[in-house]
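The lines below spell out each chain.
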Amino acid sequence: VFGSDMFSGFYGMESRYYGFLPVFPLLLAGAFRLIGLGVFQARLVAVVMGLLTLVLTYSLGSRLFRPPVGLLAVILMLFLRLTVVSRYQGTGILALDFARIARYDAVVPVFGLASLHAYRTASSRRGLGWFGLAGFFAGLAGLSHLYGVFWLVVLAVLVLWDRDGWRALLAVGLGFSLAW
């Protein structure tokens, strides 16, 4: 049972765990089902999410500016030390350390960057479906970690800034709601 005896009898909390949101555990469950149970498999999910983050960062930087900007962003993510080196963060480079220790919040930037890609497509094509997809990806970011919900705020600001209209804002909200 993945729960806690401490809350036994309190609304069934002895059979549930509310420590973090469900997207990363579901990805882990899929990986465990496909390639077996182990630390390597758990870390592999985080490494794949880290690689997707790098690919999406490069493509977004290239799309918004030029390919050298995307490449510079990836280089900074791979070599810029942002935290103190510790027992758990061996290099101080967030992109490497989070993948190494299989952190659940490594999934957030994947869905957040995907939402920005979908938003960029939506604003150029004026398709409400793309706005909804952007909101859906922001919702998945929020279901990966609570701070992922802030991608919804970013999308709302972008919609209002670019004057895409209330229908676009509602589509983003609907997509977010569907994910949740």
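This text follows the structure it describes.
Residues numbered from 1 in each chain as written. Predicted model: local features only at pLDDT ≥ 70, side-chain atom pairs only at ≥ 80, totals over all residues. Heavy atoms only, no water.

Student: Go over the overall build of the chain with me, naming the residues and quoting the values.
Tutor: Counting its secondary structure elements, the chain contains eight helices and zero strands. The order of helices and strands in the chain, counted from the N terminus, is α-α-α-α-α-α-α-α. Split into buried and exposed, the 180 residues of the chain put 39% on the buried side. Carbon and sulfur atoms make up 71% of the accessible area of the chain, which totals about 11000 Å². (Helix = DSSP H or I, 4+ residues; strand = E, 2+ residues; numbered from the N terminus. Buried < 20%, exposed > 50% of the residue type's maximum accessible area, 1.4 Å probe, protein only. Areas by Shrake-Rupley, 256 points an atom, 1.4 Å probe, with all protein chains shown as cover.)

Student: Outline the environment of Thr-57, supporting the account with residue identities and numerical values.
Tutor: Its place among the elements puts Thr-57 in helix H2 (residues 39-64). The sequence separation of Thr-57 and Leu-113 amounts to 56 residues, and the corresponding C-alpha distance is 7.0 Å. Look past the residues within four positions of Thr-57 in its chain and what remains in contact with it is Gly-70, Ala-73, Val-74, Met-77 and Leu-113. Within polar-contact distance, the side chain of Thr-57 engages the backbone oxygen of Thr-53 at 2.7 Å. (Contact = heavy atoms within 4.5 Å. Polar contact = N/O pair within 3.5 Å; in protein donor to acceptor, adjacent residues only side chain to side chain.)

Student: Can you tell me about the nonpolar core, naming the residues and giving the values?
Tutor: If you look at the biggest cluster of nonpolar residues, it comprises 33 residues, and the most contacted ones within it are Phe-131, Leu-155 and Val-159. Looking at this core, the elements with two or more residues in it are helix H1 (23-35), H2, helix H5 (108-125), helix H6 (128-142), helix H7 (150-161) and helix H8 (166-179). The biggest single contributor to this core is H5, with eight residues. Setting aside residues up to four positions removed in sequence, Phe-131 forms contacts with Tyr-119, Ala-122, Ser-123, Val-159, Asp-164, Ala-168, Ala-171 and Val-172. (Core = buried A, V, L, I, M, F, W, Y, C linked by side-chain atoms within 4.5 Å.)

Student: Explain the side chain of Ser-62 to me, and be specific about the residues and the numbers.
Tutor: Among the secondary structure elements, Ser-62 is positioned in helix H2. For Ser-62, a relative accessible area of 17% puts it in the buried group. Excluding its chain neighbours within four sequence positions, the residues that come into contact with Ser-62 are Pro-67 and Gly-70.

Student: Describe the environment of Leu-169, with residues and values.
Tutor: With respect to the element layout, Leu-169 can be found in helix H8. Separated by 11 residues in the primary sequence, Leu-169 and Leu-158 place their C-alpha atoms 9.5 Å from one another. Filtering out sequence-adjacent residues up to four positions away, Leu-169 remains in contact with Ala-156, Val-159 and Leu-160.

Student: Now, about the packing of H1 against H2: what can you tell me, with residues and values included?
Tutor: Between H1 and H2, the shortest axis-to-axis distance is 9 Å and the interhelical angle comes to 120°. Here H2 runs oblique to H1, going by the angle between their axes. Both H1 and H2 take part in a crossing whose hand is right-handed. Along the contact surface, H1 presents Phe-24, Leu-27, Leu-28, Ala-31, Phe-32 and Ile-35, while H2 presents Gln-41, Ala-42, Leu-44, Val-45 and Met-49. (Axes fitted to C-alpha atoms, helices over the stretch in contact; angles between N-to-C directions. Parallel < 35°, antiparallel > 145°, perpendicular 65-115°, else oblique. Left-handed = near helix turned anticlockwise from the far one by under 90°.)

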